[in-house]
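Structure assessment
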Amino acid sequence: MISRSFPILAVVLALAGASPSLEFSGTLVSSNNTPPVNELVVLVEHHENRHADDPDSFAVRVQPGKDGAFAVQVPPDENGYMLFITDASNRMYKGFAHLGENTNFGAIAVQSGGVLAGSVQDRDHKPLPDIEVVLELRLLPHTCSHYVAAARCRTGAKGDFSFAGLSPGEYRYRPHSDTWAAQDGTVSITEDPAFLSLILDKAAFIKGKITDAAGQPVPDIRIRIDDQSALSDANGNYRLAGLASGTNDVSISGAGYVRKDKSSFESQRVVCLAGIVTTSDFTVVAAGSLRVTLGPATTGLQLPAMLKISLQSGERNRHWSDYLRTPINNGVAVFSNIAPGAFSFIIRNEDLPPIATNVVITGGSESRLSLPLPAFYSFAGRVTDRDGKPLEKIK
């Protein structure tokens, strides 16, 4: 009979401070006509960068040494990081997602030489010239589904296109055109040439006007459907082209504004038809912000580096929840672009007990909360048999 013993129990304060930095390191090994390793670039970005509109988003570029070795230090971040291997022209060779711990990649093989050719036609099999074709490389590990733009070209007079020097891997292809609907799919690139034959349908269009609660136009509001986006102009007008026919999710965002009666993260569904311009107007209201001052209830304990919360609204027709993250600086966490209203404020950090309170957000102003964070304890140990051998998968 197996016995279970707990020889050591360690008491750990959950509010222990985060490490000052993360390090991603490795050695690039090039082959198959790729540039010399010291001409490649290692790029590290916040995980949300590729979906953000902020041109000043965090990014670090490092050039490896002559032996291909590199090391990048970044501050801890709850959202994690992505790491890319590119050349000077930003051609993507390899990428990694969901990096949140110190990681040594060891030897990273950087290869090229893959070839992809194809043609783009309409439903009548007529060639479509001057269509942009974008290839997006799937990031590692393949347990996630993140893609990043790796190469692009335009179709010729006969609707033909080709890519050379591609790194092996899985790619998503995306033809782009204002008059033809976006279509995507995946293709595997190996050492053997690959070919695609793409058939496009006529595009749908959407236009409209963004106004505030008083009916005045609001400029610089971003309207997005999938990878297509546009900004409202000085008169609040916007237009999106090249859309697929059917039901599309429209999301709206803009500094200082959220959609009326909705959170900044919710989308609205709009039905679009091929060859038809659909009109859809939206009303936005001034967003509010929330300043949270934190302090450990027990002196001498450190605060976590990041605060993760949810804001839940129970008002009629507004049963939704925003999940927000922001760094903690000098005991203060500031959340912006929040829809006005009354909310339940709940801390969602995995290393903290759930703490809930109520807060009212007012449009165009800053609301404030002050919260003491209690210390709590976690236990670490090991499970062995009577001979001291460790036992795995014991609950």
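Please read these numbers as outputs of a predicted model, since none were measured by experiment.

**Quick notes on the packing of aromatic side chains**
Following the criterion strictly, the structure yields four aromatic pairs and no others. With 6.0 Å between their ring centres and 65 degrees between their planes, Phe24 and Tyr81 make a pair best called edge-to-face. Pair noted here: Phe24 is in strand S2 (residues 22-30) and Tyr81 is in strand S6 (residues 81-86), with a separation of 57 residues, a long-range link. Judged by centre distance (6.1 Å) and plane angle (65 degrees), the ring pair of Phe161 and Phe163 falls under edge-to-face.

**Topic: the sheet that holds strand S4 (residues 59-62)**
The strand order across the open sheet formed by four strands is S4-S3-S6-S7, and the pairing between neighbours is antiparallel. For this open sheet the edge positions go to S4 and strand S7 (92-99), each flanked by a neighbour on one side alone. Between one strand and the next, the sheet's axes are offset by a mean angle of 15 degrees, whatever the strand orientation. Examined bridge by bridge, strand S3 (residues 41-46) and S4 share four bridges and lie antiparallel to one another. By the bridge assignment for S4, Leu43 is matched with Arg61.

**Side note on the sheet that holds strand S10 (residues 132-138)**
Strand pairing in a sheet takes place through backbone hydrogen bonds and is either antiparallel or parallel in direction. One open sheet accounts for four strands, arranged S11-S10-S13-S14; its pairing is antiparallel. Each edge of the open sheet is held by one strand with a lone partner, namely strand S11 (147-154) and strand S14 (185-189). Adjacent strand axes in the sheet meet at a mean angle of 30 degrees when their direction is disregarded. Two elements, S10 and strand S13 (residues 169-176), share six bridges in a ladder whose sense is antiparallel. The partner of Glu132 across the bridge, within S13, is His176.

**So, the confidence of the model for the protein**
When pLDDT is low, close inspection of the predicted coordinates is not appropriate. Looking at the protein as a whole, the pLDDT averages 81, with 83% of positions reaching at least 70. Below a pLDDT of 50 lies the segment residues 1-19, which in the model reaches 49 contacts outside its immediate sequence neighbourhood of four places, other chains included. Counting contacts from residues 316-321, a segment whose pLDDT is below 50, to residues more than four positions away or on other chains yields 21 contacts.

**Quick look at the nonpolar core**
If you look at the biggest cluster of nonpolar residues, it comprises 30 residues, and the most contacted ones within it are Leu116, Val120, Phe161, Phe163, Leu166 and Tyr171. Not counting residues within four places of it along the chain, the set of residues in contact with Phe163 comprises Gly114, Val115, Leu116, Val133, Leu135, Ala151, Arg152 and Cys153. The next biggest cluster of nonpolar side chains, apart from the first, holds 22 residues, and it includes Leu290, Ile347, Leu371 and Leu373.

**Structural notes on a nonpolar patch on the surface**
Together, Val271, Leu273 and Ile276 make up an exposed nonpolar region whose accessible area comes to about 270 Å². Structurally, the position occupied by Ile276 is in the loop between strand S22 (267-272) and strand S23 (277-279). Judged by relative accessible area, which is 43%, Ile276 ranks as partly exposed.

**Topic: the pairing of strand S26 (residues 306-313)**
Among the eight residues of S26, seven are classified as buried, and the element is accordingly described as predominantly covered. With four bridges connecting them, S26 and strand S29 (residues 341-347) associate as antiparallel partners. Looking at the pairing, Gln312 lines up with Ser344 of S29.

**Examining the pattern of salt bridges**
Under the defined criterion, the tally for this structure stands at 10 salt bridges. Between Arg269 and Asp249 there is a salt bridge, and its shortest N-O distance comes to 3.2 Å. Placement of Arg269 in strand S22 and of Asp249 in strand S20 (residues 246-253) is noted, with a sequence separation of 20 residues between them. With a relative accessible area of 39%, Asp249 lands in the partly exposed category. Across the salt bridge formed by Glu366 and Arg368, the nearest N and O atoms sit 3.1 Å from each other. Its relative accessible area of 32% is what places Glu366 among the partly exposed residues.

Basis of the calculations
Residues numbered from 1 in each chain as written. Predicted model: local features only at pLDDT ≥ 70, side-chain atom pairs only at ≥ 80, totals over all residues. Heavy atoms only, no water. Phe/Tyr/Trp six-rings, centres within 6.5 Å; stacked < 30°, edge-to-face > 60°. Helix = DSSP H or I, 4+ residues; strand = E, 2+ residues; numbered from the N terminus. Pairing = 2+ DSSP bridges. Axes fitted to C-alpha atoms, helices over the stretch in contact; angles between N-to-C directions. pLDDT = per-residue confidence, 0-100. Contact = heavy atoms within 4.5 Å. Core = buried A, V, L, I, M, F, W, Y, C linked by side-chain atoms within 4.5 Å. Buried < 20%, exposed > 50% of the residue type's maximum accessible area, 1.4 Å probe, protein only. Patch = residues over 30% accessible without salt bridge, like charges linked within 9 Å, V, L, I, M, F, W, Y side chains within 5 Å. Areas by Shrake-Rupley, 256 points an atom, 1.4 Å probe, with all protein chains shown as cover. Salt bridge = Lys/Arg side-chain N within 4 Å of Asp/Glu carboxyl O.

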